[in-house]
Amino acid sequence: MNTIAFIGLGHMGGPMAANLAKAGHAVRGFDLSPASLDLARASGVSTAGSVAEVVSGADLVITMLPAGTHVLAVWQELVAIVPSGTLLIDCSTIDMDSARKAHALAEAHACPALDAPVSGGTGGASAGTLTFMVGGDAAVFAGARPVFEAMGKKIIHCGDASAGQAAKICNNMILGISMIAVGEAFVLGERLGLSHQALFDVASVSSGQCWSLTTYCPVPGPVPTSPANHAYQPGFAAALMLKDLKLSQAAAEDTGALTPLGAKAALLYQLFSDEGFGAQDFSSIINMLRDKSVV
Ligand code: NAD
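These figures come from a predicted structure and were not determined experimentally.

Mapped onto the present numbering, the UniProt feature "domain: 3-hydroxyisobutyrate dehydrogenase-like NAD-binding" (unreviewed entry) falls on residues 163-289. Across residues 163-289 one finds 65% helix and 0% strand; the C-alpha atoms that close the span lie 34 Å apart.

Another aspect to go through is the nonpolar core. Among the nonpolar cores identified, the biggest contains 93 residues, and Phe 6, Ala 17, Val 61, Ile 89, Ala 238, Tyr 269 and Ile 285 are the most heavily contacted of them. Both domain 1 (3-160) and domain 2 (166-290) contribute no fewer than three residues apiece to this core.

Take the domain arrangement of the protein next. With domains assigned, the protein is organised as domain 1 (3-160) and domain 2 (166-290). Between the C-alpha centres of domain 1 and domain 2 the distance comes to 28 Å. The partner domain 2 presents 10 residues to the eight residues of domain 1 that form the contact.

Turning our attention to the pairing of strand 4 (residues 60-63). Burial of strand 4 is two-sided: the residues Leu 60 and Ile 62 facing one way and the residues Val 61 and Thr 63 facing the other way are all buried. Relative to strand 4, strand 1 (residues 3-7) runs parallel, the two being bridged by four bridges. Looking across to strand 4, one finds that Ile 4 is bridged to Leu 60. Here strand 4 runs beside strand 5 (residues 87-90); their pairing, made up of four bridges, is parallel. Across the sheet, residue Thr 63 finds its bridge partner in strand 5, namely Asp 90. At this point the chain moves from strand 4, through helix 4 (residues 68-79), to the parallel strand 5, and the crossover so formed is right-handed.

Of all residues adjacent to the ligand, which total 25 residues, the nearest are Gly 10, His 11, Met 12, Ser 92 and Thr 93. Counting residues per element, the ones that place at least two in the shell around the ligand are helix 4 and helix 6 (121-127). No other element matches the three residues that helix 4 contributes to the shell around the ligand. Class assignment for the residues of the shell around the ligand results in 13 nonpolar, 11 polar and one charged.

With 18 residues, helix 12 (residues 260-277) extends 24 Å between its outermost C-alpha atoms, agreeing within 8% with the 26 Å of an ideal straight helix rising 1.5 Å per residue. Buried within helix 12 we find Gly 262, Ala 265, Ala 266, Leu 268, Tyr 269, Phe 272 and Phe 277. Seen end-on, helix 12 carries its buried residues on one side only, within an arc spanning 165 degrees. Exposed residues lying more than 90 degrees from the buried face of helix 12 are Pro 260 and Asp 274. Those residues of helix 12 that are buried are in contact with helix 8 (163-191), helix 11 (238-255) and helix 13 (285-290).

Calculation criteria
- Residues numbered from 1 in each chain as written.
- Predicted model: local features only at pLDDT ≥ 70, side-chain atom pairs only at ≥ 80, totals over all residues.
- UniProt positions renumbered as here; feature names shortened; annotations may be inferred.
- Helix = DSSP H or I, 4+ residues; strand = E, 2+ residues; numbered from the N terminus.
- Core = buried A, V, L, I, M, F, W, Y, C linked by C-beta atoms within 7 Å.
- Buried ≥ 20, exposed ≤ 12 C-beta atoms within 10 Å, placed from the backbone.
- Domains from an automatic or database assignment.
- Contact = placed C-beta atoms within 7 Å.
- Pairing = 2+ DSSP bridges.
- Right-handed = clockwise from strand over helix to strand, strands pointing away.
- Near = placed C-beta within 6 Å.
- Nonpolar A, V, L, I, M, F, W, Y, C, P; charged D, E, K, R; others polar.
- Expected span 1.5 Å × (residues − 1).
- Arc of directions from axis to C-beta.

Structure below.
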């Protein structure tokens, strides 16, 4: 069992830290938000008042923060404090450049590091069923596997430093595009007089099958657990989808990769957020696709 410092106890980090504590690790957490610290204490995680305090005595540090700037600021502070050899894991979804810089910071201080973004949302974080996509040294990954297993079900080593972040960015570009494709198909079906259930029954067992249809169906009815049945409460907020699509577009620009559908998906989610719907589940973009005056 490890002594773990967990920095960033928000919607994802809070339940992830709680699952580590449940698995028997000694977990101490830190967050700038007093409300997050209160919730963490109620779930068996002890708390600290600063980065310096939370990492003291930890053999492993996990960060789960909003974006690359937050991760780099926190890692810059903590590498100056922790003993060399302390394992650093970032589970946030961040841009490739920041992910590489975080690895470089760790290397300069002789700390092993892994980028380990997740898929599965807040439900997966609470249930301990997240998918981890991990970049970094294979031996370091193997040693950290039990820690990931306390928070997730599928743990995949994607390659060297920042490969986990690359996998996350590519996966979520597929997700953003496929949700728009499924939304467009339902809107067209409506115009053709096809019931939602009939389209679902066909496409879910045919070549149109995908996660956006069978798990997160954007119309109410066919998949009772999808956000469409609950007034599009997230779930996965449209603003977060926009964030991830922007990360993939930045990476495409850097590498010269052609991603015309990713670019269009980013534009549509930008428009949707600008219209004031960023806090809704990302599947609700179907409502904008119905509205000819907007798209
Ligand atoms: P969140 O905003 O709920 O949590 C982030 C937490 O970090 C907040 O509690 C904030 O107070 C804290 N924080 C910010 N700066 C800090 C600092 N300097 N020191 C300490 N704490 C600090 O966000 P979230 O939904 O938990 O997402 C976290 C990361 O996970 C993001 O990168 C997001 O893209 C990714 N992610 C989110 C989901 C999701 O469904 N919410 C799914 C997969 C991945």
